[in-house]
Amino acid sequence: MQAKKRYLFLLSAGACLVLLFYFGGVQLPASGRNRHDRSHNGYRPDQPWPHFSDPLQQFLPWDQLDTEEYNIHISPRQKRDVNTSVYKGKRCRMDSCFDFSACKKNDFKVYVYPQQKGEKISESYQNILSTIEGSRFYTTDPGQACLFILSLDTLDRDSLSPQYVHNLKTKVQNLHLWNNGRNHLIFNLYSGTWPDYTEDLGFDIGQAMLAKASISTENFRPNFDVSIPLFSKEHPRTGGDRGYLKYNSIPPFRKYMLVFKGKRYLTGIGSDTRNALYHVHNQEDVVLLTTCKHGKDWQKHKDARCDKDNAEYDKYDYREMLHNSTFCLVPRGRRLGSFRFLEALQAACVPVMLSNGWELPFSEIINWNTAAVIGDERLLLQIPSTVRSIHQDKILALRQQTQFLWEAYFSSMEKIVLTTLEIIQDRVLQQESRSTLMWNSHPGGLFALPQYSAHLGDFPFYYATLGIKPYPKFTAVIHAVTPLVSQSQPILKLLVAVAKSPYCAQIIVLWNCDKPLPAKHRWPATSVPVIVIEGENKVMSSRFLPYETIVTDAVLSLDEDTVLSTTEVDFAFTVWQSFPERLVGYPARSHFWDSNKERWGYTSKWTNDYSMVLTGAAIYHRYYHFLYTNFLPASLKGMVDQLANCEDILMNFLVSAVTKLPPIKVTQKKQYKETMMGQSSRASRWADPDHFAQRQTCMNKFASWFGGMPLVHSQMRLDPVLFKDQVSILRKKYRDIERL
Amino acid sequence: MCASGKYSSRGPALIPRMKTKHRIYYITLFSVVLLGLIATGMFQFWPHSIESTADWGLDRRSVHDAPLIRLPVANPIPERGDLSCRMHTCFDVYRCGYNPKNRIKVYIYPLQRFVDEVGVPISSTGLSREYNDLLSAISDSEFYTDDVTRACLFVPSIDVLNQNSLRIRETAQALAMLPRWDKGMNHLLFNMLPGGPPDYNTALDVPRDRALLAGGGFSTWTYRQGYDVSIPVYSPLSADVELPERQPGPRRYFILSSQTAIHREYRAELERLKEENGEALLLLDKCSNLSQGVASARKRCYKGQVFDYPQILQESSFCVVLRGARLGQATLSDVLQAGCVPVILADSYILPFSEVLDWKRASVVIPEEKLPEMYTILKSIPHRQVEEMQRQARWFWDAYFSSMKAIGMTTLQIINDRIYPYAARTYEQWNNPPLVKWSSVNSPLFLPLIPPRSPGFTAVVLTYDRIESLFRVITEISKVPSLAKLLVVWNNQNKSPPEGEKKFKCPECTAIDGLSLDQTHMVERSECINKFASVFGTMPLKVVEHRADPVLYKDDFPEKLKSFPNIGSL
């Protein structure tokens, strides 16, 4: 019994020990095992990176830098020359295939070859050429040119296409300025043909740059070629339709989540993705439709699903889907790019790209992640869950960005071409190039000219983004056209009133009068400096020249006979500080569509809305001086100078085209309403009966150049907070405005 | 655990004395076992820190403990990097999968020491301090996974930061031996000093199949855009020297050149510039009379005058970063740290992290050929721009250059952004310094749109129990043609809202109408404002002096012709 118990006891004790080792004993032996392992076959792979305690060497020895003197034997110049000779063809870059010396300093001029008789040119290419010829880059002198554009139509290089130009190789080689394509830019929409759709243009482009649609990352030479969007023959030449987004809806979801309607290719290049779309189609909010019915012999290749797909395809309307979907699928077709892309962009339907290896349009400057979802063809089945995972806020932002990009760079052929040229100009001028922010935020790169300043804070558009404010003073620019004869002339009163404003930094008198400058003592003594500038050629446009003497962000533009009180100026300036990108003025005018005459009409009647403020008394950002002078074509500025009229209309057109918003009218003393703008003064141009008719003509001319009517109506006037309220006048800050 | 073991083994010694009371025996025995188990359990589940500190104490890990791998001579060598590689051709995206966090998983191979047949290591330095820092940073980050089967990206523990210390062929063989190498697919190599004499290739010469390269010093010809990542050359001074951030503004010198290994042609051109512009330029070189070593790296000289480096960089507005044998220069990092605007002269150089960083706002890039015009070019930059660039430069260093951790995390984030582009960080997130992020205003409705009247508006009326005024409001507002919908929010838990058109009489209602005049009410609202401002960290409200009125408001004009004649006619 005892023995039995003893055994029992020993057994239990043993069991206890075994148990103990089993549970807790891992500790010691394991660390022993670890040590053992380490010396044989590595750490356990599932361990984070260990903390090593030994002193490790630095990767860069201190003396290495000193000993590696830059290729002692080769001079840097030689090295550069080697690069230029080695990197040709597919490896072309600006450094190796572009002649910067051809571009004179700060001058980016583009030459277009004269068109040969008998050479047929497609309408699209004709539009490209005329856009360049109408742009400020154009030069007729090849000696001045930095960039050359062929007059041979290279848009369609699909040899089966009727637009295909034959013998391009010889024709190009015969051009005496060709120079093996150096500094040439070749536009192309289609290349290659069935069945392999290569990206070869069918002639030797030498060292020329390509502005090409559907270009693949493989063939794209970064910072040398430009990827352009595929656009149709019907794409408008100028202006172009605006985006379809009229207002933001919150939450931003539409009837459909994701849609697509298009051809299916069954076999051959680019067919896989579209053939697989039916897997994702759910007939509800993800509607992906394909048809096999295209081409002559589709029946021959048709597969088991074709009939079902075709029937489903006919049930839905493409337009209806485009307008009512949050996301639009843009799968590759035979080529990488498709018309879908621009269609979706315009329709504010966020494009979901399924086109692996497509270098997206203007990828050099546009951050597409902010306006599209870049999908991967390999992950097609994940696409629905991916788009569903995108947060509402993000959808709202993506959608708005589609509209911004559409209107900034894609809505017309002109914009596409100018964007291409501006991208190349940025590379050439380097020091005067746009930052990513300028390209990707309102108003976009075509309106933000880097030649004006390298500093974002100098533009009227980025204050909020940078969290800064405009300089809190203004420069008054008074446009003087009548000689100074009496001390009671309105200009002198105006000078004194403006100079009294605490926000006035300086006054510039622009002397555009034929009489010589009055003596210095004739001007009243003021607390701010008065600078008199003799106008260049005494033309109207000179009032909007970007004078270097203007040091403030704000400009108060004045006619010599304007009547304004200091209070009115002060108030307008405080308003401008809240709206630095807009025109802030007093007397307002309006435009309307005259359906009888089928033209735009101009009115100065008192109406319930307005779309212009007169620049005889207006505050705006000095950048608009630069833009007026450098952005607008000579034809429009010439018209203004010749008529000595319409400069204010043109400025309103320009600012509204940039901001897409109306100007701002502020309140003014009422008794001056009629007399203001010199309608009492006989010498004034405003008294001329032709004056008004001219302004109608101007409007229509301007609208045709802008490719549409940029002016926007407003029903709002900004008044001081207590304006005409029934409170004591003493409590009002801007009391002079309502005091008669 | 050891203690409990002893207790139970002492047990048998008690047996003779307690022969008859075996019950107590068993009880004692089981309680001992139980105690032992509890004690064991405590050891088992005690927080791991105890274990690791114990580990630190008795077992300091050393790189020399890493297993030694002998490379057979005949081992295969990977192919040279394929220049046409892009994410959609050379990267296996299926490994990354779809995950709710949109974050890639990165695996680090355990450390091994590779030697050739005769036992010579493949690298003269082995694991460098910097690469070790980089790998620890990755392993401490949210990207890290220890599960090789779930990894999307693989980082070898073979250090290839500096090509100088590598044996090219053997390193390549070692890479090919990695268990998951699979033609380099989804493998990421970090290299800062590529190439070697005399040609100094701009990308790592080690054949690497399809591996991604995070390289310092890419040229436009070797950089596979959208595939490789251009990274900075880490400056060892970053860790050693603390330079306090200086306020942007004018500096003592206009241009400073601090590099010691400048080609003599360029040095001659810099000296010519110095002659023309005098004091504005400071042209430093290495000190000839100092002893070698760390000390010499921290000193620069100009005609016998000794300056502390990198401190002297803070005394200049612009600092020249000229290419050397390589395009990538560690000087760039020092210059950024000093808040000096880098003037980069390195043709065809792909700037670090250029995929996401907007270098135009932080630097000036000048073609090498235009070095003689440098002074004129820099002079034309407005002061405000220089200040912004100074701030931006320092911010880039703080966020992306300051440590191997920063460099590694930025690289991974860039790759992450490519794999989950819809969740990518924005331009503002990458480029705006904290100060700007804080003060900038980015409206969620940023598109300039003037919405049409057609959709109208929804009126939301908040109410407690002032039924009469509620009905008054409803009657008035329903006259408005643009009203699309009217929503009444009933805020009274004690009463249910009135039904239909039935009108309630509420005697107290009028009495509360004077609410806004109530003094305590004002005090409460002031308190609210203070509370909100403190939570926001700033006062977001802005004061304006204008008010929007209809164009013809209060004008001497027939009221009939005004669009909004009744405004202000209370």
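Residues numbered from 1 in each chain as written. Chains lettered and ligands numbered in written order. Predicted model: local features only at pLDDT ≥ 70, side-chain atom pairs only at ≥ 80, totals over all residues. Heavy atoms only, no water.

Participant: In this structure, what is going on with the overall build of chain A? I would like to understand it.
Facilitator: Helices and strands together make up the secondary structure of chain A, namely 24 helices and 24 strands. Taking all 740 residues of chain A together, 58% fall into the buried category. Summarising the internal contacts of chain A: among those between residues at least 6 apart in sequence, 73% fall at separations of at least 24. (Helix = DSSP H or I, 4+ residues; strand = E, 2+ residues; numbered from the N terminus. Buried < 20%, exposed > 50% of the residue type's maximum accessible area, 1.4 Å probe, protein only. Contact = heavy atoms within 4.5 Å.)

Participant: Can you help me understand the overall build of chain B in this one?
Facilitator: In terms of helices and strands, chain B carries 18 helices and 17 strands. By the burial criterion, 50% of the 570 residues in chain B qualify as buried. The contacts in chain B between residues at least 6 apart in sequence include a share of 72% that link residues at least 24 apart. When the accessible surface of chain B is summed, it comes to about 28,800 Å², and 57% of that surface belongs to carbon and sulfur atoms. (Areas by Shrake-Rupley, 256 points an atom, 1.4 Å probe, with all protein chains shown as cover.)

Participant: Got a minute to help me understand the packing of aromatic side chains in this structure?
Facilitator: The description of two aromatic rings rests on the distance between their centres and on the angle between their planes. Residue and element names in this part refer to chain A. The final tally for this structure, using the stated rule, is 49 aromatic pairs over all chains. A centroid spacing of 5.0 Å and a plane angle of 70° characterise the contact between tyrosine 452 and phenylalanine 459, whose relative ring orientation is edge-to-face. You'll find tyrosine 452 and phenylalanine 459 in the same group, each marked buried. Three or more aromatic residues joined by ring pairs form one cluster here, namely Tyr452, Phe459, Phe461, Tyr462, Tyr623, Tyr624 and Phe626. (Phe/Tyr/Trp six-rings, centres within 6.5 Å; stacked < 30°, edge-to-face > 60°.)

Participant: What is the right way to read the nonpolar core from this model?
Facilitator: Judged by nonpolar contacts, the single largest core of 105 residues is most densely connected at Phe327(A), Phe190(B) and Ile419(B). If one sorts the elements of this core by residue count, helix 13 (residues 404-419) of chain B sits on top with seven residues. Setting aside its immediate chain neighbours within four residues, Phe190(B) contacts Tyr131(B), Leu134(B), Ile138(B), Val155(B), Val160(B), Leu161(B), Ala214(B), Ile231(B), Gly408(B) and Thr411(B). In this structure, Phe137(A), Trp178(A), Trp358(A) and Val428(A) belong to the second largest nonpolar core, which totals 80 residues. (Core = buried A, V, L, I, M, F, W, Y, C linked by side-chain atoms within 4.5 Å.)

Participant: Any chance you could explain the state of the cysteines here in plain terms?
Facilitator: Each disulfide consists of a covalent bond between the sulfur atoms of two cysteine residues. All names here are of chain A. Enumeration over the complete set of coordinates arrives at nine disulfides over all chains. Across the disulfide from cysteine 103 sits cysteine 146; the S-S distance is 1.9 Å. On the sign convention where negative is left-handed, the bridge of cysteine 103 and cysteine 146, at about 65° about the S-S bond, is right-handed. Here cysteine 103 is found in the loop between helix 5 (94-97) and strand 1 (110-112), whereas its partner cysteine 146 is found in the loop between strand 2 (138-139) and strand 3 (147-149), with 43 residues between them in sequence. Accessibility classification places cysteine 103 together with cysteine 146 in one group, the buried group. When the cysteines engaged in disulfides are numbered in sequence order, chain A pairs them as 1-2, 3-4, 5-6, 7-8, 9-10. (Disulfide = S-S within 2.5 Å.)

Participant: Just checking my understanding: could you explain the sheet that holds strand 1 of chain A for this structure?
Facilitator: Strands belonging to one sheet form pairs held by backbone hydrogen bonds; the direction of such a pair is parallel or antiparallel. Residues and elements named next belong to chain A. With parallel pairing, six strands are arranged side by side in an open sheet as 2-1-3-5-7-8. Since the sheet does not close on itself, it has two edges, and those belong to strand 2 and strand 8 (226-228), each with one partner. Alignment of strand 1 against strand 3, held across three bridges, turns out to be parallel. Bridged to valine 110 within strand 3 is leucine 147. (Pairing = 2+ DSSP bridges.)

Participant: Got a minute to help me understand the environment of Ser363(B) in this structure?
Facilitator: Residue and element names in this part refer to chain B. Along the chain, serine 363 falls in the loop between strand 13 (341-345) and strand 14 (364-365). Since its relative accessible area comes to 7%, serine 363 is described here as buried. As a C-alpha pair, serine 363 and glutamine 390 span 27 residues in sequence and 8.5 Å in three-dimensional space. Once you skip the residues sitting within four places of it in the chain, serine 363 turns out to touch Val341, Pro342, Ile344 and Met389.

Participant: Honestly, unusual backbone geometry in this entry has me stumped. Any pointers?
Facilitator: It is generally the case that most residues other than glycine have a negative phi and that most peptide bonds are trans. All names here are of chain A. Along the chain, isoleucine 250 connects to proline 251 via a cis peptide bond; the corresponding omega equals 0°. Among the secondary structure elements, proline 251 is positioned in the loop between strand 8 and strand 9 (256-263). A cis amide bond links histidine 442 with the next residue in sequence, proline 443, at an omega value of 5°. Within the secondary structure, proline 443 is located in the loop between helix 16 (436-440) and helix 17 (463-466).

Participant: Where do I start with the interface of chain A and chain B in this structure?
Facilitator: Often, the extent of an interface is quoted as the loss of accessible area upon association of its parts. Each partner contributes residues to the interface: chain A has 139 residues there, and chain B has 145 residues. Overall, the association of chain A and chain B removes approximately 12,700 Å² of surface from exposure, summing both partners, and the carbon and sulfur fraction of that is 57%. Taken together, the links from chain A to chain B amount to six salt bridges. On the surface where chain A and chain B come into contact, there are 44 residue pairs in polar contact (both at pLDDT 80 or more). Grouping the amino acids of the side of chain A that touches chain B by side-chain chemistry returns 54 nonpolar, 50 polar and 35 charged. By the bridge criterion, five bridges tie strand 24 (residues 716-720) of chain A to strand 17 (residues 546-550) of chain B in an arrangement that is antiparallel. (Buried area = accessible area lost by both parts, 1.4 Å probe. Salt bridge = Lys/Arg side-chain N within 4 Å of Asp/Glu carboxyl O. Polar contact = N/O pair within 3.5 Å; in protein donor to acceptor, adjacent residues only side chain to side chain. Nonpolar A, V, L, I, M, F, W, Y, C, P; charged D, E, K, R; others polar.)

Participant: Please explain the sheet that holds strand 10 (residues 286-291) of chain A as it appears in this structure.
Facilitator: Residue and element names in this part refer to chain A. Taken in spatial order, the five strands of this open sheet run 10-9-11-12-13, and their pairing is parallel. Edge positions in the sheet fall to strand 10 and strand 13 (373-374), since each has one partner strand and no second. Sheet analysis places strand 9 next to strand 11 (residues 325-331), joined by three bridges and oriented parallel. The residue of strand 11 that forms the bridge with tyrosine 256 is serine 325. In the packing of helix 12 (residues 339-346) onto the sheet, contacts are made with strand 9, strand 11 and strand 12 (350-354), and the angle to strand 12 comes to roughly 155°. (Axes fitted to C-alpha atoms, helices over the stretch in contact; angles between N-to-C directions.)

Participant: Explain helix 14 (residues 392-410) of chain A here, please?
Facilitator: Because each turn of an α-helix spans 3.6 residues, side chains separated by three or four positions end up pointing in the same direction. In this model helix 14 of chain A runs 26 Å from its N-terminal to its C-terminal C-alpha over 19 residues, within 8% of the 27 Å that 1.5 Å per residue would give. Counting buried positions along helix 14 of chain A yields 15 of 19 residues, so the element is predominantly enclosed. (Expected span 1.5 Å × (residues − 1).)

Participant: Please clarify how the packing of helix 5 (residues 129-140) of chain B against helix 13 of chain B should be interpreted in this entry.
Facilitator: In helix packing, the relevant descriptors are the interaxial angle and the interaxial distance, both defined with respect to the helix axes. Residue and element names in this part refer to chain B. Their axes nearest at 8 Å, the elements helix 5 and helix 13 cross at an angle of 55°. It follows from the interaxial angle that helix 5 and helix 13 lie oblique. Our pair here, helix 5 against helix 13, has a crossing hand that is right-handed. Here Glu130, Asp133, Leu134, Ala137 and Ile138 of helix 5 come into contact with helix 13, specifically with Met404, Lys405, Gly408, Met409 and Leu412. (Parallel < 35°, antiparallel > 145°, perpendicular 65-115°, else oblique. Left-handed = near helix turned anticlockwise from the far one by under 90°.)

Participant: Hey, could you run me through the environment of Leu210(A) in this one?
Facilitator: Residues and elements named next belong to chain A. Position of leucine 210 relative to the elements: it lies in strand 7 (residues 209-213). Measuring from C-alpha to C-alpha, the distance between leucine 210 and isoleucine 186 comes to 4.9 Å, with 24 residues separating the pair along the chain. For leucine 210, the residues in contact, after removing those within four places along its chain, are Leu185, Ile186, Leu201, Ile205, Arg221, Asp225 and Val226.

Participant: I'm lost on a nonpolar patch on the surface in this one. Help?
Facilitator: A contiguous nonpolar surface patch, about 300 Å² in accessible area, is contributed by Val460(B), Leu462(B) and Leu487(B). Tracing the backbone shows Leu487(B) in strand 16 (residues 483-490). (Patch = residues over 30% accessible without salt bridge, like charges linked within 9 Å, V, L, I, M, F, W, Y side chains within 5 Å.)

Participant: Explain the pattern of salt bridges here, please?
Facilitator: Once the charged atoms of two side chains with opposite charge are near each other, the side chains can pair. Across all of its chains, the model carries 47 salt bridges over all chains by this definition. A salt bridge links Glu559(B) to Lys562(B); the nearest nitrogen and oxygen atoms lie 3.0 Å apart. What makes Glu559(B) partly exposed here is its relative accessible area of 40%. On the accessibility criterion, Lys562(B) (8% relative accessible area) is buried. Overlapping salt bridges, with partners in common, bring together Arg136(A), Glu422(A), Asp426(A) and Arg434(A) in one network.

Participant: Help me out: how do you make sense of the side chain of His187(B) in this one?
Facilitator: All names here are of chain B. By the element assignment, histidine 187 lies in the loop between helix 6 (168-176) and strand 5 (188-191). On the basis of relative accessible area, histidine 187 is assigned to the buried category, the value being 0%. Polar contacts involving the side chain of histidine 187 include one to the side chain of tyrosine 109, which spans 2.8 Å. Contact partners of histidine 187, with chain neighbours within four places excluded, come to Tyr109, Phe154, Pro156, Leu178, Arg180, Trp181, Ala211 and Leu212.

Participant: How do you make sense of the packing of helix 10 (residues 330-337) of chain B against helix 12 (residues 383-401) of chain B when you look at a structure like this?
Facilitator: All names here are of chain B. Direction vectors running N to C along helix 10 and helix 12 enclose 120°, while the axes themselves pass 7 Å from each other. Classed by the angle they form, the pair helix 10 and helix 12 counts as oblique. Residues Leu332, Ser333, Leu336 and Gln337 of helix 10 lie in contact with helix 12, whose contacting residues are Ala393, Arg394, Trp397 and Phe401. Taken together, the residues of the contact of helix 10 with helix 12 sort by class into five nonpolar, two polar and one charged.

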